[in-house]
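# Geometric and topological summary
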4 protein chains.
Amino acid sequence: MKKLETKNRTWREILHEVIYEADTRQGKLFDIILLGMILISILLVMLESINDIDDKYHDQLYIAEWVVTIIFSLEYIVRIISIRRPSKYIFSFYGIIDFLSTIPMYLSMLFVGTHSLVALRALRLLRVFRILKLSRFIGESNQLMVALNASKAKIGVFLYFVLIVCIILGTVMYLIEGADNGFTSIPRSIYWSIVTLTTVGYGDIAPQTALGQFIASITVIIGYAIIAIPTGIVSSEMTKNKVNLNTQSCPNCSYDKHRDDAEYCYHCGTKLN
Amino acid sequence: MKKLETKNRTWREILHEVIYEADTRQGKLFDIILLGMILISILLVMLESINDIDDKYHDQLYIAEWVVTIIFSLEYIVRIISIRRPSKYIFSFYGIIDFLSTIPMYLSMLFVGTHSLVALRALRLLRVFRILKLSRFIGESNQLMVALNASKAKIGVFLYFVLIVCIILGTVMYLIEGADNGFTSIPRSIYWSIVTLTTVGYGDIAPQTALGQFIASITVIIGYAIIAIPTGIVSSEMTKNKVNLNTQSCPNCSYDKHRDDAEYCYHCGTKLN
Amino acid sequence: MKKLETKNRTWREILHEVIYEADTRQGKLFDIILLGMILISILLVMLESINDIDDKYHDQLYIAEWVVTIIFSLEYIVRIISIRRPSKYIFSFYGIIDFLSTIPMYLSMLFVGTHSLVALRALRLLRVFRILKLSRFIGESNQLMVALNASKAKIGVFLYFVLIVCIILGTVMYLIEGADNGFTSIPRSIYWSIVTLTTVGYGDIAPQTALGQFIASITVIIGYAIIAIPTGIVSSEMTKNKVNLNTQSCPNCSYDKHRDDAEYCYHCGTKLN
Amino acid sequence: MKKLETKNRTWREILHEVIYEADTRQGKLFDIILLGMILISILLVMLESINDIDDKYHDQLYIAEWVVTIIFSLEYIVRIISIRRPSKYIFSFYGIIDFLSTIPMYLSMLFVGTHSLVALRALRLLRVFRILKLSRFIGESNQLMVALNASKAKIGVFLYFVLIVCIILGTVMYLIEGADNGFTSIPRSIYWSIVTLTTVGYGDIAPQTALGQFIASITVIIGYAIIAIPTGIVSSEMTKNKVNLNTQSCPNCSYDKHRDDAEYCYHCGTKLN
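Residues numbered from 1 in each chain as written. Chains lettered and ligands numbered in written order. Predicted model: local features only at pLDDT ≥ 70, side-chain atom pairs only at ≥ 80, totals over all residues. Heavy atoms only, no water.

Looking now at the relation of the copies chain C and chain D. Overlay of chain C on chain D (RMSD 2.3 Å): rotation 90 degrees, translation along the axis 0.8 Å. Both chain copies can therefore be described as sitting about a four-fold axis. (Least-squares fit on C-alpha atoms with pLDDT ≥ 70 in both.)

Structure below.
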């Protein structure tokens with residue numbers, strides 16, 4: 001009885017190792033196959049959304065989608081079985097995404113019109129970040145994350161400021177231009193001011209009056225200078241990271257900030273550790 | 001008599017502390033409630049500007065707007081009462097904004113068509129910056145402000161240069177393209193050149209002739225390189241700030257902002273800790 | 001005879017000092033008046049280009065323009081008289097601009113249709129840079145100029161690279177999209193690729209085919225990363241300038257890179273010069 | 001017999017030196033002439049693509065194109081002859097481009113409709129980079145390349161992240177907006193999200209629903225902050241390079257790229273000059 005329990009736990013442990021971790025050969029293989037399945041499932045959703053292709057190959061796509069759905073369902077079940085506390089997975093970020101990308105296909109059998117929700121499967125692409133944790137990219141993206149984390153608060157203040165400017169500008173333009181020139185409501189005017197200040201500029205709404213164009217011009221020039229701010233924040237953060245990268249100090253004169261590949265102190269010539 | 005005056009002054013002082021300052025619990029509470037009221041009032045203005053919603057809930061919105069207006073009016077009166085020199089508040093930046101965001105509702109009873117000016121209430125959002133002074137963001141935005149202040153003059157020269165380029169470019173394009181291709185006047189051409197050089201590019205006006213497109217292409221490529229300038233200015237300013245970040249102060253003259261590797265005060269030569 | 005010549009020379013010297021230099025009070029006054037005249041002349045040209053205003057005030061604008069023209073003509077003549085070698089001024093950059101901004105008005109009396117060339121007067125705005133040399137902005141713009149000069153070659157290589165990419169991309173899109181989708185010729189396709197890669201994106205020409213949109217998407221993402229290059233160049237140049245700004249070294253330990261306002265060496269505490 | 005072989009080799013060696021290298025006067029001359037021919041051939045292709053010009057000068061352009069084609073064919077043949085292992089050239093990057101830019105003209109005699117492929121000749125512009133290797137620009141572009149190479153991995157991670165965001169955003173917008181508002185398929189929605197996030201914003205597809213505009217606004221503001229990342233990467237990389245600019249090499253181990261204030265070699269500890 002005890003042995004069976006041990007064996008059972010071991011079996012679950014093996015599954016857990018394969019599915020949740022990536023140190024072993026099987027774990028890596030599982031991740032690569034999963035990545036391939038996700039890419040295929042997204043390709044299917046894309047192809048189905050193109051009318052011409054859907055008309056021609058509707059049945060094949062439908063079958064392929066069911067195959068993918070069943071495989072994802074099995075994966076979902078195995079994930080729940082192989083973890084000790086299933087609720088920890090089910091209510092995790094990736095657990096919810098996995099659920100949302102599997103359920104629409106079943107729902108489409110019960111309710112008409114819910115089939116298009118299958119496109120939510122694209123969210124599974126996020127798991128790629130999880131899988132790539134094992135790749136050599138981790139170092140690169142970690143360094144990025146450190147710089148972004150450090151400048152998070154500053155960029156937050158900046159975005160908050162941009163948002164307030166956009167609300168005020170949108171309101172002012174609503175008063176100046178009015179519904180006749182496309183600024184039909186304040187939220188829509190704010191949408192315009194965001195699209196303008198970020199230099200996207202669709203042109204679906206554009207100022208028509210002379211005063212509106214004048215204000216838009218000034219805004220746009222100021223916005224042009226504003227774009228420098230987040231860049232400056234991240235740049236300075238990354239430059240700082242770069243300079244401080246090597247923190248070892250010379251055992252003789254205790255000078256620091258050596259090159260990463262330095263073997264001797266640049267100040268006194270002592271051998272570094 | 002004297003006591004009553006003292007009491008009166010004290011009562012005014014308490015009000016002043018609650019309304020104008022934020023150190024006490026009541027002061028913070030007042031600021032949070034005010035912030036909420038401002039957000040509600042802006043939401044009301046937005047909802048009212050959307051035709052569908054205004055048609056359905058016009059009466060409710062109208063009543064809610066009057067409630068907000070009366071509360072803002074009371075706040076305005078209390079602000080005037082609680083300060084020793086009312087003129088100092090009335091003609092201050094925030095005083096004028098508070099007035100402009102309260103008066104349109106009263107005006108709309110006297111004059112038809114002034115109701116839409118209620119949207120000026122969005123300007124009150126600026127007070128958020130005032131209120132947030134007390135938050136933890138102050139450090140972040142201050143650092144930003146220092147960098148922006150330091151690079152103000154340089155960005156000014158840059159914007160001035162961009163403006164002159166836009167005026168000349170606008171005039172040249174007016175001569176080349178002419179009224180038939182949408183460049184109906186020089187100010188409108190300048191509007192186009194500003195929208196183009198800042199890479200917004202609405203497309204409501206676009207060069208049609210081969211020569212116009214050629215000049216636009218060259219401009220746009222140069223503008224692409226120009227965008228690097230304000231970014232470079234702010235980046236270098238922020239990087240510089242980083243180097244000066246060291247906050248230790250000299251034990252003798254209490255100057256701060258020493259280099260990180262400084263051993264002696266740069267001002268008085270005292271050995272630093 | 002000799003005295004008259006001396007007097008004549010002195011008279012010319014005084015004029016030269018007032019017009020070409022700005023150290024004296026008269027020189028500054030002349031510059032300010034000239035700046036005002038230039039701004040007025042450009043305002044006149046702008047107003048005249050707006051149909052509504054031109055219809056109403058055509059005669060007044062016409063007279064005002066002749067007044068400005070005559071004043072500019074007088075200035076031009078005085079500039080030639082007061083300089084020892086007139087050819088040096090006439091064929092200089094500013095001399096040609098001054099000529100081009102004065103002559104169209106006279107030409108418009110002889111030839112019909114040349115009147116619109118009066119708009120060339122906007123080029124005189126460039127003289128503002130000359131005049132501002134005397135202002136406090138000189139330091140700021142000089143520092144900018146140093147950084148831009150230092151990164152000129154690098155930005156040149158970059159722009160050259162962008163241009164080649166645009167030509168190749170334009171040609172490829174011409175083959176893919178063809179005349180039916182707005183890519184009527186290779187130069188026009190190149191115009192599109194420049195407008196796209198610089199993120200202006202008018203939308204007057206946009207890819208319609210699936211393949212064209214796919215290539216445009218990739219280009220645009222690469223261009224998004226490319227925009228980082230000129231910014232990086234200028235940023236690093238300006239950062240370098242900032243750090244090297246103070247080149248004095250300590251007389252005792254010869255450490256350099258002191259703060260601009262340092263009075264004592266940060267390394268050994270010796271008084272700096 | 002042996003002598004003839006030697007002579008033959010020498011003759012091929014001379015040709016090889018002229019065509020493939022640029023140290024000699026003939027080599028430089030050949031490169032300049034080739035550069036001129038490439039520019040002329042591209043100009044011809046451009047002119048031919050403009051209908052008005054092609055209608056007028058069709059015969060002259062056709063003859064000129066044949067002249068260019070024959071010269072390029074001769075160059076291609078000589079390149080093959082003068083190299084010891086022709087396959088090394090034929091299957092090299094430039095070899096394939098040279099072939100692709102020569103063959104369409106011959107194909108157009110056999111198959112109707114392939115003439116427009118002549119435009120592939122624009123690819124030869126890439127050879128300019130090869131030729132410019134000998135110019136003074138090499139230093140500048142090399143420095144750029146070093147910085148770009150160093151930040152390649154980080155920019156790769158960034159672009160990968162942007163792409164995933166675009167796929168998810170495109171799918172979400174496809175669900176929200178639907179085919180009626182221009183988001184006819186998921187790939188097309190992804191095209192829209194790429195065009196939007198990179199701030200190009202053609203406006204050929206733009207969100208129409210309130211929810212779509214709300215999501216677009218948020219995306220665009222986040223994208224505005226994201227644009228700071230690649231810039232920060234390159235900026236910090238170039239700033240770092242600047243610090244390493246010192247070109248003195250160690251007298252002992254000849255390592256270079258020492259810190260500017262280095263006194264001892266970081267590799268072998270020898271005292272630097």
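There is more to say after this.
Another point: a nonpolar patch on the surface. Residues and elements named next belong to chain A. On the surface, Trp-11, Ile-70, Leu-74, Ile-77, Ile-81 and Tyr-106 cluster together into a nonpolar patch covering about 570 Å² of accessible area. If one sorts the elements of the nonpolar patch by residue count, helix 3 (residues 51–82) sits on top with 4 residues. Looking at where Leu-74 falls in the secondary structure, it is placed in helix 3. (Patch = residues over 30% accessible without salt bridge, like charges linked within 9 Å, V, L, I, M, F, W, Y side chains within 5 Å. Areas by Shrake-Rupley, 256 points an atom, 1.4 Å probe, with all protein chains shown as cover. Salt bridge = Lys/Arg side-chain N within 4 Å of Asp/Glu carboxyl O. Helix = DSSP H or I, 4+ residues; strand = E, 2+ residues; numbered from the N terminus.)

The next point concerns the domain arrangement of chain A. Taken domain by domain, chain A holds domain 1 (2–138) and domain 2 (149–240). Just the C-alpha atoms count here: the centres of domain 1 of chain A and domain 2 of chain A sit 40 Å apart. (Domains from an automatic or database assignment.)

What follows deals with the side chain of Thr-196 of chain D. Checked against the element boundaries, Thr-196 of chain D lands in helix 9 (residues 186–197). Judged by relative accessible area, which is 1%, Thr-196 of chain D ranks as buried. (Buried < 20%, exposed > 50% of the residue type's maximum accessible area, 1.4 Å probe, protein only.)

On the chain D side, the residues contacting the 43 residues of chain C number 46 residues. Summed over both sides, the interface between chain C and chain D buries roughly 4,000 Å², with carbon and sulfur atoms accounting for 76% of that surface. Broken down residue by residue, the surface that chain C buries against chain D is led by Lys-154, Ile-221 and Tyr-224 of chain C, which jointly contribute 18%. The interface formed by chain C and chain D contains 0 salt bridges. Counting across the chain C and chain D interface gives 3 residue pairs in polar contact (both at pLDDT 80 or more). Counting residues per element, the ones that place at least two in the side of chain C that touches chain D are helix 8 (152–177), helix 9 (186–197), helix 10 (210–226) and helix 11 (228–243) of chain C. Ranked by residues supplied to the side of chain C that touches chain D, first place goes to helix 8 of chain C with 11 residues. (Contact = heavy atoms within 4.5 Å. Buried area = accessible area lost by both parts, 1.4 Å probe. Polar contact = N/O pair within 3.5 Å; in protein donor to acceptor, adjacent residues only side chain to side chain.)

Moving on, we come to the packing of helix 9 (residues 186–197) of chain B against helix 2 (residues 25–49) of chain C. Close contact between helix 9 of chain B and helix 2 of chain C brings their axes to 7 Å; oriented N to C, the two are set at 100 degrees. Taken together, the axes of helix 9 of chain B and helix 2 of chain C lie roughly perpendicular to each other. Residues Ile-186, Pro-187 and Ile-190 of chain B of helix 9 of chain B pack against Val-45, Met-46 and Ser-49 of chain C of helix 2 of chain C. Here the residues of the contact of helix 9 of chain B with helix 2 of chain C are counted per class, giving 5 nonpolar, 1 polar and no charged. (Axes fitted to C-alpha atoms, helices over the stretch in contact; angles between N-to-C directions. Parallel < 35°, antiparallel > 145°, perpendicular 65-115°, else oblique. Nonpolar A, V, L, I, M, F, W, Y, C, P; charged D, E, K, R; others polar.)

What follows covers the packing of helix 2 of chain C against helix 3 (residues 51–82) of chain C. Residue and element names in this part refer to chain C. Across the interface, helix 2 lies against helix 3 with an axial gap of 8 Å and an inter-helix angle of 150 degrees. Between helix 2 and helix 3, the angle falls in the class roughly antiparallel. Pair helix 2 / helix 3 crosses with left-handed handedness. From helix 2, Phe-30, Leu-34, Met-37, Ile-38, Ile-40, Ser-41, Leu-44, Val-45, Leu-47, Glu-48 and Ser-49 reach across to helix 3, where they touch Asn-51, Ile-53, Asp-54, Leu-61, Ala-64, Glu-65, Val-68, Ile-71, Phe-72, Glu-75 and Arg-79. The residue inventory of the contact of helix 2 with helix 3, partitioned by class, reads 14 nonpolar, 3 polar and 5 charged. (Left-handed = near helix turned anticlockwise from the far one by under 90°.)

Here we come to the side chain of Ser-189 of chain D. Residues and elements named next belong to chain D. Its location among the elements puts Ser-189 in helix 9. Ser-189 gets classed as buried once you look at its relative accessible area, which sits at 0%. When near neighbours in sequence (up to four residues on either side) are disregarded, Ser-189 contacts Gly-170, Tyr-174 and Phe-183.

For the rest of this paragraph, the subject is the pattern of salt bridges. Opposite charge on two side chains allows them to pair when their charged atoms are near. In total, this model carries 14 salt bridges over all chains according to the counting rule given. Glu-75 of chain C is the salt-bridge partner of Arg-79 of chain C, the closest N and O atoms lying 2.7 Å from each other. With Arg-79 of chain C and Glu-75 of chain C both in helix 3 and 4 residues apart, the pair spans about one turn of that helix. On the accessibility criterion, Arg-79 of chain C (2% relative accessible area) is buried. The partner of Arg-124 of chain D in a salt bridge is Glu-75 of chain D, and the shortest N-O contact between them spans 3.0 Å. You can see Arg-124 of chain D sitting in the loop between helix 5 (93–110) and helix 6 (127–131) and its partner Glu-75 of chain D sitting in helix 3 (residues 51–82), a full 49 residues away along the chain. Judged on exposure class, the residue Arg-124 of chain D and its partner Glu-75 of chain D are both buried.

For the coordinates displayed, the defined rule picks out 22 aromatic pairs over all chains. When the centroid spacing of 6.0 Å and the interplanar angle of 45 degrees are considered together, the rings of Tyr-76 of chain A and Phe-99 of chain A count as tilted. On the criterion of sequence distance, the pair formed by Tyr-76 of chain A in helix 3 and Phe-99 of chain A in helix 5 (residues 93–110) is long-range, its members being 23 residues apart. Ring-pair connections join several aromatic residues into one group, and the members of that group are Tyr-76, Tyr-89 and Phe-99 of chain A. Over the ring of Phe-72 of chain B we find Arg-124 of chain B; its NZ or CZ atom is 4.4 Å from the centre of that ring. (Phe/Tyr/Trp six-rings, centres within 6.5 Å; stacked < 30°, edge-to-face > 60°. Lys NZ or Arg CZ within 6 Å of the ring centre and 35° of its normal.)

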